[in-house]
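# Structural features, examined
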Amino acid sequence: MNKFLTVKDVSDIDRLILQALEYKTFPFKDRTLGHGKRIGLLFFNPSMRTRLSTQIAAKNLGMDPIVLNVGQEGWALEFADHAIMNGSTVEHIRDAAPVLGQYFDILCVRTFPKLLSCEEDEGEKVMNAFLKLSGVPIVSLESTTRHPLQSLTDLITIRENFHEKRKPKIVMTWAPHIKAIPHCVANSFAEWVIAEGNADFTIAQPKGYELSEKYTRGAKVVTDQASALEGADFVYVKNWSSYEQYGKILGDHPEWMLTEKSLEKAPHAKVMHCLPLRRNVELSDEILDGHRSLLTKQAANRVCAAQSVLAHILRTIG
Amino acid sequence: MNKFLTVKDVSDIDRLILQALEYKTFPFKDRTLGHGKRIGLLFFNPSMRTRLSTQIAAKNLGMDPIVLNVGQEGWALEFADHAIMNGSTVEHIRDAAPVLGQYFDILCVRTFPKLLSCEEDEGEKVMNAFLKLSGVPIVSLESTTRHPLQSLTDLITIRENFHEKRKPKIVMTWAPHIKAIPHCVANSFAEWVIAEGNADFTIAQPKGYELSEKYTRGAKVVTDQASALEGADFVYVKNWSSYEQYGKILGDHPEWMLTEKSLEKAPHAKVMHCLPLRRNVELSDEILDGHRSLLTKQAANRVCAAQSVLAHILRTIG
Amino acid sequence: MNKFLTVKDVSDIDRLILQALEYKTFPFKDRTLGHGKRIGLLFFNPSMRTRLSTQIAAKNLGMDPIVLNVGQEGWALEFADHAIMNGSTVEHIRDAAPVLGQYFDILCVRTFPKLLSCEEDEGEKVMNAFLKLSGVPIVSLESTTRHPLQSLTDLITIRENFHEKRKPKIVMTWAPHIKAIPHCVANSFAEWVIAEGNADFTIAQPKGYELSEKYTRGAKVVTDQASALEGADFVYVKNWSSYEQYGKILGDHPEWMLTEKSLEKAPHAKVMHCLPLRRNVELSDEILDGHRSLLTKQAANRVCAAQSVLAHILRTIG
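Residues numbered from 1 in each chain as written. Chains lettered and ligands numbered in written order. Predicted model: local features only at pLDDT ≥ 70, side-chain atom pairs only at ≥ 80, totals over all residues. Heavy atoms only, no water.

## Here's the deal with the nonpolar core
The nonpolar side chains of a soluble globular protein tend to be buried, and buried together. Note the cut-off: In these notes, a set of buried Ala, Val, Leu, Ile, Met, Phe, Trp, Tyr and Cys residues joined through side-chain atoms within 4.5 Å is what counts as a nonpolar core. We call a residue buried when its accessible area falls under 20% of the maximum for its residue type, exposed when it is over 50%, and partly exposed in between, using a 1.4 Å probe and counting protein chains only. A run of H or I in DSSP counts as a helix once it spans at least four residues, and a run of E counts as a strand once it spans at least two, with each numbered from the N terminus. In this analysis, two residues are considered to be in contact whenever any of their non-hydrogen atoms come within 4.5 Å of each other.
Counting residues in hydrophobic clusters, the biggest one holds 104 residues, and the most contacted among them are Phe4(B), Val139(B), Met172(B) and Phe130(C). No other element matches the 11 residues that helix α12 (residues 295-317) of chain B contributes to this core. Look past the residues within four positions of Phe130(C) in its chain and what remains in contact with it is Leu42(C), Phe44(C), Ile93(C), Ala97(C), Leu100(C), Leu107(C), Val109(C), Gly135(C) and Ile138(C).

What follows is the structure, encoded as structure tokens:
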């Protein structure tokens, strides 16, 4: 694996999951694998779990990560080809990315969509620029369309917490929020669950909030939360803004906030969320502080997920 | 020791001091004690000495600290129970702290009081939330009421610089400032000197600036700086705002700024201050640049103090 | 070498260059040289290449750098002697620098000029304060007058890319910019090329933009770019503001932006720039994306240059 931006970069999801679970038990089993390799973590946007877990994962493999808060500590970057840079950007990605590729053996990049233009966000200009120009493996720490380290974590967490012979019933449900939120986590979760192909998978959202079919083809997509939740084993809760009316909030829908009552017909359902979350807006205290919540375990798995990906890349680059 | 927030967490102050002095001479004597352990430093507020010395202490013990500037690099946290999070906070401490406890074996936390409400500051909501929710040892890097790593440093510095058979006379004197300053360092210094029980200890401040008795019971508390300073061996200089009229500045009192003249009757007095300090407001150039100042030595001792605390905790968690 | 602020601190430039080239090939050949040594990187201003390359260089030598963004993470520092600190600065350099000298064995400092007063900027108050007060070797990561790690990098890059028996013809040419830019890189490049004494060196700039003779004595200084560029082997492109009318922009001079046409009479010229740069203002896409550009190689050499300097200092302090 020489890049990690979407599930399509993974040839064997199962192996990646199993290796992660092994690292969870034995975090230092490959403590010298990364010796002499340099890994850079570039943050264009805030991050807590991703920032910390990726650093820990790298350290577990014997690498010494260097973090750069790009805008705050470095220079404002320009991405437009042929720009005449007489404005506020100080350095062009065409000049910066190759240098970063000289400094590091692996570059991890975090950038958010602006949600102003679907075309722009789907263009993945930041990730694609690093891919094209840096000359080294790129790991997405969340991009304008996806969050693959989160999704790998989610599959690991489901794997760990499901012990039946049958396929699990997984429901991803839209939740209310006060801001327009990116589609990345939802897109990515759908893409990974479908690619793994080992679940009965439903996505529920209010009308108008359907995700792009690019990510959801293969899932059951419904607008009735109550019936979707019936018999669910895992309920993945997430807000996202409208895709059709790109980046817009179409309505509050407070009744979509998950409570114990919403799960009456899903007695065994475990609840997941990528965090951060707004309590009592997206998810109720009663769910979060109750027996169904997998959230802390899920976030803890960010470390072994990142470690599995980095180990795979280290083995590829040798 | 499985937490370090007040002197009450320490069963044997003397041992902590002696171990620190040993680390000062032999910083690498336990260079593998922390191998495989993860330590996180969370800063809700600025810091220079604490930030640097704690990192160095951790590295001396073979740990690889990870620093997070919580507000700037991560997410704005909510602390109110049952909050409906439709405002500016993005993540609840109830969700964040357990995750951080999964990522790290030891969490060090720095947070300042707001000085708006005595009750709120004494509630220590940030420290207590991490204590209650993270599941790992918490080390205070300064809290809303105390600064125990500073106070341990101060006792180490006094121990190093006093060679008489008798008890030292220690005077903590209020100093002028232009801003309303927290009580933490003063509270904590009083608490530690009194707990150690090995000094003739006086606190001098202008009327109205008396600290809470919670911290000063056992000290002589006076409002006459001149007579308090007579015969002092150590003069600990610090500003703090009023406790009675909580967080207020009651008057400038420029005459309280320490000069050589103030120390006429304390010929051997050494002067201490935790830094940062405002020259020629809190303390005069003549004192700071003269033979009495212990300030650089004192700040240097932040490393061995932190190292002693972290080593103690590492031995406890095994 | 016990400090690195100007070329005058270097007794043998050639040895420093050769050692750097050796580190470029064998980055880990001295991987234990810095064991047990602490290096602090203090940033008063933004930085990308310098920040990353110096960290990597330190790690290659077995040191574990600690980075402090002084203003953002620490305290606003005062530099004026005898200041009565009742304003916005929180700590005096006289108090901070000695403490930092206790925490670290080597201090690296980055600070920019304000370009308001020639006298102030040439006073190098930040660097000189650390030199005078910290008690440890200081490495400039760019100061108010110079950028020596950049210049060493530049000489390394020229050395690597020139294989004739004769001296190279090096032309440093002023380039347009939209902001008033410091003279540091230009001063320093001139100073180093002249000190090495192994080049035919010309500086070209529009009238009024002449650099201080303090740095350029020994170079040919002209105002006609076209004739200066004839037969150049290396063209070092850089903007700087006026020195005579200190810190001012005297005119746009867009015709000074380098294009292929400007280099018609320099068919073998390689182009250099320290980065960051403003595309199509300072330098044209056609040059940057063409065969003449050494920019990525040059920036990559920041690592081995820093490593050579740090190794030299480590050997001095023992």
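The structure having been displayed, the exposition proceeds.
## Things to note about the pattern of salt bridges
Our working rule: We define a salt bridge as a contact between a side-chain nitrogen of Lys or Arg and a carboxyl oxygen of Asp or Glu at a distance within 4 Å.
In total, this model carries 75 salt bridges over all chains according to the counting rule given. Taking the shortest distance from any N to any O, the salt bridge between Asp289(C) and Arg279(C) comes out at 3.0 Å. Of this pair, Asp289(C) sits in the loop between α11 (285-288) and α12 (295-317) while Arg279(C) sits in the loop between β11 (270-272) and α11, and the two are 10 residues apart along the sequence. You can call Arg279(C) buried: its relative accessible area is 1%. Salt bridges sharing partners connect three or more residues here, namely Asp81(A), Arg94(A), Asp95(A), Arg279(C), Asp285(C) and Asp289(C).

## Re the relation of the copies chain A and chain B
The condition that has to hold: The copies were overlaid with a least-squares fit restricted to C-alpha atoms from residues scoring a pLDDT of at least 70 in each copy.
Between chain A and chain B, the superposition needs a rotation of 120 degrees and an axial shift of 0.0 Å, giving an RMSD of 0.0 Å. Given the turn and translation reported, the copies of this chain are related as if by a three-fold rotation axis. Each copy contacts the other with its own distinct surface, as only 6% of the interface residues of chain A are interface residues in chain B too.

## Observations regarding the domain arrangement of chain A
Residues and elements named next belong to chain A. For the record, the criterion: Note that the domain bounds reflect an automated or database-derived domain assignment. Each of two parts loses accessible area, computed with a 1.4 Å probe, when they are put together; buried area is these two losses added. When residues are sorted by character, Ala, Val, Leu, Ile, Met, Phe, Trp, Tyr, Cys and Pro go into the nonpolar class, Asp, Glu, Lys and Arg into the charged class, and all the rest, Gly among them, into the polar class.
Along its sequence, chain A is carved into domain 1 (7-146 + 302-317) and domain 2 (162-293). Opposite the 19 residues of domain 1 that make contact, domain 2 presents 20 residues. Both sides of the domain 1 and domain 2 interface together cover about 1600 Å² of buried area, and 62% of this is carbon and sulfur. The largest per-residue losses of area from domain 1 upon contact with domain 2 belong to Val7, Leu115 and Arg146, which jointly make up 39% of the total buried on that side. Linking domain 1 with domain 2 are two salt bridges. Among the salt bridges present, the one from Glu191 reaches Lys8, with a minimum N-O distance of 3.3 Å. Contributions of two or more residues to the side of domain 1 that touches domain 2 are made by α1 (13-25) and α5 (118-122). A breakdown of the residues in the side of domain 1 that touches domain 2 according to their chemical character gives nine nonpolar, four polar and six charged.

## Observations concerning the relation of the copies chain B and chain C
Aligned on chain C, chain B shows an RMSD of 0.0 Å; the corresponding rotation is 120 degrees and the shift along the axis is 0.0 Å. Mapped onto chain C, only 6% of the interface residues of chain B again fall at the interface, so the copies present different surfaces.

## Considerations on the sheet that holds strand β1 (residues 39-43) of chain C
All names here are of chain C. Put simply, the test is: In this scheme, strands are said to pair when DSSP sees at least two bridges between them. Axes here refer to lines fitted to C-alpha atoms; in helices the fit is confined to the stretch in contact. Angles between the N-to-C directions go from 0 to 180 degrees.
With parallel pairing, four strands are arranged side by side in an open sheet as β2-β1-β5-β6. Across the chains shown, the open sheet's two edge strands, defined by having one partner strand only, are β2 (66-69) and β6 (138-140). Strand after strand, the sheet turns through a mean of 20 degrees between neighbouring axes, direction not considered. Two elements, β1 and strand β5 (residues 106-110), share five bridges in a ladder whose sense is parallel. Residue pairing for β5: Gly40 is matched across the bridge by Leu107.

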